[in-house]
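Take a look at the letters that make up each chain.
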Amino acid sequence: MSAVEDEGAAILTVASAPKVRRRRLRSILLALMAQYTIVAMIVGLSVAGILRYVVTPQIVAKFEAIDAALKHRPAP
């Protein structure tokens, strides 16, 4: 009987091993995806902030300068 029980225990151990691997792989993948998402959000917000507060005022200033130059231009 003990040999049969040992075989049964070995089969259960082998059968449960892939589930543990899948669960561990799933948790690792979820952690990596969460890190990627957080980093992507931080980079996206940084780029949006730079565009909003640095680049946009420069572009607006150039268009205002062009507009002012066109207003002061003598008519042909």
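Residues numbered from 1 in each chain as written. Predicted model: local features only at pLDDT ≥ 70, side-chain atom pairs only at ≥ 80, totals over all residues. Heavy atoms only, no water.

On to a positive patch on the surface, then. A cluster of basic side chains, namely K19, R22, R23 and R26, defines a positive patch on the protein surface. For K19, the location among the structural elements is in helix α1 (residues 2-71). Assessed through its relative accessible area of 56%, K19 is described here as exposed. (Patch = residues over 30% accessible without salt bridge, like charges linked within 9 Å, V, L, I, M, F, W, Y side chains within 5 Å. Areas by Shrake-Rupley, 256 points an atom, 1.4 Å probe, with all protein chains shown as cover. Salt bridge = Lys/Arg side-chain N within 4 Å of Asp/Glu carboxyl O. Lys, Arg positive; Asp, Glu negative; His and termini not counted. Charge placed at Lys NZ, Arg CZ, Asp CG, Glu CD. Helix = DSSP H or I, 4+ residues; strand = E, 2+ residues; numbered from the N terminus. Buried < 20%, exposed > 50% of the residue type's maximum accessible area, 1.4 Å probe, protein only.)

Before going further, it helps to examine the packing of aromatic side chains. Following the criterion strictly, the structure yields zero aromatic pairs and no others. R52 extends its terminal NZ or CZ atom over the ring of Y53, reaching a point 5.4 Å from the ring centre. (Phe/Tyr/Trp six-rings, centres within 6.5 Å; stacked < 30°, edge-to-face > 60°. Lys NZ or Arg CZ within 6 Å of the ring centre and 35° of its normal.)

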